[in-house]
Amino acid sequence: MTTMDAQSSESKQQPYWKKYTHQPHWRSKEQEFDAAKIGMWLFLVTEVLLFSGLFCAYAVFRLLYPDAFANGSHYLDWRWGTLNTVILLFSSYTVATSIHNAQMNQQIRLRINLAITMLCAIAFIAIKFTLEYIPKWSVGKRPGSWFSYPWASEPHEPIWWSIYYSATGIHATHVLIGVGLLGWLLIRSFKGHFGPKHYTAVEIVGLYWHIVDLIWIFLFPLLYLIH
Amino acid sequence: MATIDTHTSATVEHDHHDEGSYLKPKGSMLITLIDWLSTIDHKKIGVMYLFAVFFMFFLGGVAALAVRIELLEPIRQAADGTITGSNLASLFGLKDYSVAQSGNLYNRFMTLHGAIMVFMFIVPGIPASLGNFFLPLMIGAKDVAFPRLNLLSWYIYLFGSMFGVIAIILGGVDTGWTFYTPYSTTTDADHLNVVLMVLAAFILGFSSIFTGLNFVVTVHKLRAPGMGWFDMPLFVWAIYSTAIIQVLATPVIGITLLLLVFERTFNVGIFDPAMGGDPVLFQHFFWFYSHPVVYVMILPAMGIISETLTIYSRKKIFGYHAIAFSSLAIAAISFLVWGHHLFTSEGTLTATIFSALTFLVAIPTAVKVFNWVATLYKGSIVLNTPMLYTMMFLFTFLIGGLTGLPLGALSTDLHLHDSYYVVAHFHYTMFGGMVVAFLAGIHHWWPKMFGKEYSQLGSKIGFFLVFIGFNVTFFTQFFLGTQGMPRRYASYLSEFQPLHQISTIGSFVLAMGFFVHLFVFIQSLAVGKKAKPNYCGGLTLEWETSSPPIEHNFHHEPMLRHGPYEFADVVPPQCEPGEYPMPDPVENNDH
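My aim in this report is to walk through the structure given alongside it, one point at a time. Model, not experiment: these values are computed from the prediction.

In this section: unusual backbone geometry. Excluding glycine, a negative phi dihedral is what most residues carry, and trans is how most peptide bonds are arranged. Residue and element names in this part refer to chain B. With omega at -5°, the peptide bond leading from Thr181 into Pro182 counts as cis. Residue position: Pro182 is located in the loop between helix H5 (147–169) and helix H6 (183–186). Looking along the chain, the bond that leaves Ser547 and enters Pro548 is cis, with omega of -10°. At Asn553, a residue that is not glycine, the phi angle is positive and equals roughly 75°. The topology assignment puts Asn553 in the segment after helix H16 (497–527). Classification of Asn553 by relative accessible area gives buried; the value is 0%.

Okay, here's the thing in structure tokens:
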């Protein structure tokens, strides 16, 4: 399978990843690749810090209104949360595999894994919206002053929903951006842009995707599994 | 004495000898314009940033003058629509201006001044313009690590500034640049201005993050062969420390401002006490970014001073390692002092701890100042415009730094907080620090950037106007503050009037100084003499290329052969031996 991929691509013209030369201000391709990785890691640091503000707000309000948080959390269905967690974890595996595929020049597997990752991301968003956001919103479990759920037992429940929608909403935005990035990778993978000597984009989007996953790993227990 | 002639012994790998200046037009006006707007050359992006931040500085400065005019009289005078009212209102298209809202107009100009100066001028100012231009040159690189990201961050900057300007045209924002809740969530409830202004700051944050990220990677990966960490010029150290703060602090303001937007648009209530939210939480979030960002403003300035001070006193910098590490120390401590902006809303213990941490910042800062003064000792000092500004920096920044200590001490802060003393203090650090150093840097590097010399006489006249104007404007405000004049007010007791009037006169002298500088720069671009490649005898790598630099920066791949400040041992590149004094080597250094 692997060798067939490699042979068929070689028998035609040279693939992009073989022709690729680094930008002129770099001394070598390796240096350019390393720099891209450092840059992405720094960007991930900023992502963590962005969410740390939300976690901080979560901690403050949970300390102030523990009952509202416990109560609010019970309105979330842990089964959908778990399903989404599994989906994201699996997509992290497939994106990691796709990097390996690129390194090994397994072009078809690369495309399959990227496509699966992208589908997982879309599934996550679909579950989030159709099974969580929309049903909750329609019964009045809304953030802040829009809150109109008639059977609320705690006065500060609107704050809980504010935190919930802000945190998961910003996370969902990141997932959507991820869908875009994975789609971009997928199109490029069909053009044969990635291979053993050039897979920078796959690598750094993979890193991004892992952080999106990781943030969810923290959000899930904090939102769904508290008492 | 070992003298090394650098420009004959360079290796010949990539020869760019026949290449022209980066400023050379690519064709017709339109093609040249498109070339500039789509360039990924760090030099052009630096120049574009320079003009963008100059423009914003002009806008913010006009707003400041409007504020100062209003403060000429103790009673709100815009009420009769004479001075501040109609003219400036129509200038900025404040459509809902009316007599009843004149106090509002003052608030808006004050906010305009603060928000523009902080988010669109001081923060991006030095790193994005001079940093972009000189960081790669000084480390011997052909470009920054991610040139396209660099261009993107310029467009994001423009886009964010546009949001800010739209907010102004729609009627302005009156929250003060800090956007404190609940004020920012309740004012102008039916308008989008606050949301737009906050979004502007949010977007500008991205630009800042991308620039910072780019510089960190550039310094790590693109230094010339032979350049170790401690061979880097101190300007590079300063920009590097700044970039780290930008990357680490900006995301926090990002989420804060985003939550504020949610608060305004979706009423989420996180900062609203009526719903159980906490407005002080906003202040904590805000200052967790905005205090470190104070050092984003001042560290690059300190970097410029470290360069100009050594070059124009022809002496090796005193305590290179101490200065480099104090930059990092300031960057680290800056994250632990945000609480000193909230002394009055904190418990005693918390406030005491933050007070102690605040005093800690004074140590690395003083380390720098002492090292600079020691560098001057027995130097051959050239008093040209950049050096005059460097001297001014030492003078005004010292005042700014020392007047900060009474604000960091809890007992005196109780009397001084929210008064004009605070205004004077931070203008002495921001203007007396960042702007003055920026002016030093621009005058130092102007001929290198544009290949044209400027009039020394003209720029010195500008300097004296700025020096006098600045001190008259802001030194009076120390007195106003200690006498009890609160900040931010449009009306005041008539006993403060004389000092306010002196301050306003000073601000106009200051503005005149800037117009002289503007004129000198325009004259330089139009009819300036061609600058020599190394017109100040500098030893860092940017002096090895022509003025202005060629498209690919260097004629040969640069190779580091000496430290950045070894004036005693090295004939500067592209200079004749004896053109610059070679002092006796001084045994003061840690190399």
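A word on the pattern of salt bridges. Tallied over the full model, the rule gives twelve salt bridges over all chains. With a shortest N-O distance of 3.1 Å, A:Glu132 and A:Lys128 are connected by a salt bridge. Pair noted here: A:Glu132 and A:Lys128 are both in helix H6 (residues 107–138), with a separation of four residues, about one helical turn. For the pair formed by A:Glu132 and A:Lys128, the shared burial category is buried. The partner of B:Arg487 in a salt bridge is B:Asp418, and the shortest N-O contact between them spans 4.0 Å. Within this pair, whereas B:Arg487 is found in the loop between helix H15 (456–482) and H16, its partner B:Asp418 is found in the loop between helix H13 (410–416) and helix H14 (420–450), the two being separated by 69 residues in sequence. Under the relative-accessibility criterion, B:Arg487 is labelled buried at 17%. When its relative accessible area of 46% is taken as the criterion, B:Asp418 is described as partly exposed. Ionic contacts of the salt-bridge type, sharing partners, join the residues A:Lys128, A:Glu132 and A:Lys136 into one network.

On to the interface of chain A and chain B. How big an interface is tends to be stated in terms of accessible area lost as the parts join. Listed as interface residues are 34 residues of chain A and, on the opposing side, 39 residues of chain B. Both sides of the chain A and chain B interface together cover about 3,000 Å² of buried area, and 74% of this is carbon and sulfur. Notably, a salt bridge pairs A:Asp34 with B:Lys221, separated by 3.6 Å at the nearest N-O pair. Where chain A touches chain B, the interface holds eight residue pairs in polar contact (both at pLDDT 80 or more). Those elements that place two or more of their residues in the side of chain A that touches chain B are helix H3 (29–64) and helix H7 (157–190) of chain A. For the side of chain A that touches chain B, the element with the highest residue contribution is H3(A), accounting for 18 residues. Here the side of chain A that touches chain B is built from residues that sort into 21 nonpolar, eleven polar and two charged.

All names here are of chain B. Together, Leu30, Leu33, Ile34, Leu37, Tyr155 and Leu158 give the surface a local cluster of nonpolar side chains, amounting to about 530 Å² of exposed area. Elements that contribute at least two residues to the nonpolar patch include exactly helix H1 (29–37) and H5. At four residues, the largest contribution of residues to the nonpolar patch is made by H1.

Our focus in this paragraph is the nonpolar core. All names here are of chain B. Counting residues in hydrophobic clusters, the biggest one holds 244 residues, and the most contacted among them are Leu130, Trp372 and Phe393. Per-element tally for this core: the top contributor is helix H4 (residues 102–138), with 22 residues. Residue contacts for Phe393: discarding those within four places in its chain leaves Ile298, Ala301, Met302, Ile305, Trp372, Leu398, Gly432, Gly433, Val436 and Ala437.

Right, let's get into the side chain of B:Ser327. All names here are of chain B. Tracing the backbone shows Ser327 in helix H10 (residues 320–333). Side-chain polar atoms of Ser327 contact the side chain of Lys368, separated by 2.7 Å. Among all residues touching Ser327, those that are not within four sequence positions of it are Ala238, Ser241, Leu299 and Lys368.

Attention now goes to the packing of aromatic side chains. All names here are of chain A. What the rule picks out here adds up to 76 aromatic pairs over all chains. An angle of 75° between the planes, with centres 5.3 Å apart, marks the rings of Tyr75 and Tyr149 as edge-to-face. Taken as a pair, Tyr75 in the loop between helix H4 (66–74) and helix H5 (78–104) and Tyr149 in the loop between H6 and H7 lie far apart in primary sequence, 74 residues in all. The exposure class of Tyr75 is partly exposed, given its relative accessible area of 22%. Classification of Tyr149 by relative accessible area gives buried; the value is 16%. Positioned above the aromatic ring of Tyr149 is the side chain of Lys141, whose terminal nitrogen or guanidinium carbon lies 4.9 Å from the ring centre.

Residue and element names in this part refer to chain B. Summarising the element assignment, Thr385 is placed in helix H12 (residues 385–408). Overall, Thr385 belongs to the buried group, its relative accessible area being 0%. Within polar-contact distance, the side chain of Thr385 engages the side chain of Ser459 at 2.7 Å. In contact with Thr385, not counting residues within four places along its chain, are His443, Tyr454, Gln456, Ser459 and Lys460.

Definitions and limits used
Residues numbered from 1 in each chain as written. Chains lettered and ligands numbered in written order. Predicted model: local features only at pLDDT ≥ 70, side-chain atom pairs only at ≥ 80, totals over all residues. Heavy atoms only, no water. Helix = DSSP H or I, 4+ residues; strand = E, 2+ residues; numbered from the N terminus. Buried < 20%, exposed > 50% of the residue type's maximum accessible area, 1.4 Å probe, protein only. Salt bridge = Lys/Arg side-chain N within 4 Å of Asp/Glu carboxyl O. Contact = heavy atoms within 4.5 Å. Buried area = accessible area lost by both parts, 1.4 Å probe. Polar contact = N/O pair within 3.5 Å; in protein donor to acceptor, adjacent residues only side chain to side chain. Nonpolar A, V, L, I, M, F, W, Y, C, P; charged D, E, K, R; others polar. Patch = residues over 30% accessible without salt bridge, like charges linked within 9 Å, V, L, I, M, F, W, Y side chains within 5 Å. Areas by Shrake-Rupley, 256 points an atom, 1.4 Å probe, with all protein chains shown as cover. Core = buried A, V, L, I, M, F, W, Y, C linked by side-chain atoms within 4.5 Å. Phe/Tyr/Trp six-rings, centres within 6.5 Å; stacked < 30°, edge-to-face > 60°. Lys NZ or Arg CZ within 6 Å of the ring centre and 35° of its normal.

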